[in-house]
Structures are given as C-alpha cells and as structure tokens.
Amino acid sequence: MFDIIVQLAASFIASAGFGVLFNAPKKSLIPCGLVGMLGWILFYTLREFHVDIVAATAFAAILVSILSQVCSRILKRPIIIFAVSGIIPLVPGGVAYNAMRNFVENDYNTAIQLSAQVMLLAGGIAIGLMFSQVINQIMMKLQKTKP
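Being a predicted model, the structure only gives us computed values, none of them experimental.

Asker: Now, about the packing of helix H3 (residues 53-75) against helix H4 (residues 79-87): what can you tell me, with residues and values included?
Answerer: Running from N to C, H3 and H4 cross one another at 145°; their axes reach a closest spacing of 8 Å. The handedness of the crossing between H3 and H4 is right-handed. Residue-level contacts link Ala61, Val64, Ser65, Ser68, Gln69, Cys71, Ser72 and Leu75 of H3 to Ile79, Phe82, Ala83, Gly86 and Ile87 of H4. Considering only residue class, the contact of H3 with H4 consists of eight nonpolar, five polar and no charged.

Quick look at the structure:
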C-alpha cells in the first residue's frame, strides 16, 4: 500500500512540477498533476498485472489525452498544457539513459535492445495521444452533422 502512495505522490509532483517549468497557469497546476498521476497509476497497475510495457504505455497515454481534453474544456485552457505535463511520467528517460550508457560502454547488443524499447515506448505514447485526438475529432464531426 505504501508503494502506491509513493507512486501517486511522485507522479503528481513530477507532472505538476513540469507544469511549472512549462509555465502553465497556476490554476492549472493541480489538474496537470492529477492528469499525470492518473495516467501513471493506470500504467503502474497494468504493469502489475503483467501487461506488456508498450501496451501499458499506450493505454496510459490514451487516458492522459482524454483527461487533458476534459481539463481543457472545464478550465478553458489549451489542451497542450495538460497533455505535455501529464505525459511526463510515462517518458522512458531511464531506459534511454541506459541505452546511451551501454553505447558508451561498447555493449552494443544491450544498447540496441534498449534503444528499440525506447522507440517502441515513444511510439506507444504518440499513438495513445493521437488515438484520443482522432476519436475526439470524429465525435465533434458527428455532433455537427446531427440535425
């Protein structure tokens, strides 16, 4: 139970902190933190149930994108504020670091494997963010065509 609380706090602080660096409005910092926290908890929960890391990242990115749209509409702020801050906990920075470290240490087999994983994770993030946006655009077009 303590582990979940630490995960919640760390992901909230990371997302809200990046909101500060991203110069998000002060009223948007708590929603930025909540979006990142909920995305990370979904990722963490899926990983606990042994879901593939790329799929877990994509599903978490979809949730971040959906929550970003909701926050954007409620707070009347650009969606990018919430999406960028919320996606930060999912960015595979540690894996990318290890890939580069292995390149420097001439362990090319491990470095290439880790680099491929970084690319797949980045692709999962991009697909997750894009999927939600596409669904949103389709829903808006369908609402406009209804009489």
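Now that the structure has been shown, the text picks up again.
Asker: Give a detailed account of a nonpolar patch on the surface, specifying residues and quantitative values.
Answerer: A cluster of nonpolar side chains, Ile127, Met130, Phe131, Val134, Ile135, Ile138, Met139 and Leu142, forms an exposed patch at the surface whose accessible area comes to about 750 Å². Within the secondary structure, Ile127 is located in helix H6 (residues 108-145).

Asker: So, the packing of aromatic side chains: which residues are in play, and what are the values?
Answerer: Taken as a whole and judged by the stated rule, the model has three aromatic pairs. Ring geometry for Trp40 versus Phe43: centroids 4.9 Å apart, planes at 35°, classification tilted. Here Phe43 and Trp40 lie together in helix H2 (residues 29-48), a separation of three residues that amounts to about one turn. For the pair Trp40 and Phe43, a shared accessibility class is recorded, and that class is buried. For the ring pair Phe103 and Tyr108, a centre distance of 6.1 Å and an interplane angle of 55° mean the geometry is tilted. By relative accessible area, which is 29% here, Phe103 ends up partly exposed. The partly exposed category is assigned to Tyr108, whose relative accessible area is 44%.

Asker: Can you lay out the nonpolar core for me, pointing to particular residues and giving the numbers?
Answerer: In terms of nonpolar packing, the biggest core is built from 20 residues, with Trp40, Phe43, Val64, Ile81, Phe82, Ile87 and Leu90 touching the most fellow members. Elements represented by at least two residues in this core include exactly H2, H3 and H4. Dropping the residues within four chain positions of it, Ile81 is found in contact with Phe22, Ala24, Pro25, Ser28 and Cys32.

Calculation notes
- Residues numbered from 1 in each chain as written.
- Predicted model: local features only at pLDDT ≥ 70, side-chain atom pairs only at ≥ 80, totals over all residues.
- Heavy atoms only, no water.
- Axes fitted to C-alpha atoms, helices over the stretch in contact; angles between N-to-C directions.
- Helix = DSSP H or I, 4+ residues; strand = E, 2+ residues; numbered from the N terminus.
- Left-handed = near helix turned anticlockwise from the far one by under 90°.
- Contact = heavy atoms within 4.5 Å.
- Nonpolar A, V, L, I, M, F, W, Y, C, P; charged D, E, K, R; others polar.
- Patch = residues over 30% accessible without salt bridge, like charges linked within 9 Å, V, L, I, M, F, W, Y side chains within 5 Å.
- Areas by Shrake-Rupley, 256 points an atom, 1.4 Å probe, with all protein chains shown as cover.
- Salt bridge = Lys/Arg side-chain N within 4 Å of Asp/Glu carboxyl O.
- Phe/Tyr/Trp six-rings, centres within 6.5 Å; stacked < 30°, edge-to-face > 60°.
- Buried < 20%, exposed > 50% of the residue type's maximum accessible area, 1.4 Å probe, protein only.
- Core = buried A, V, L, I, M, F, W, Y, C linked by side-chain atoms within 4.5 Å.

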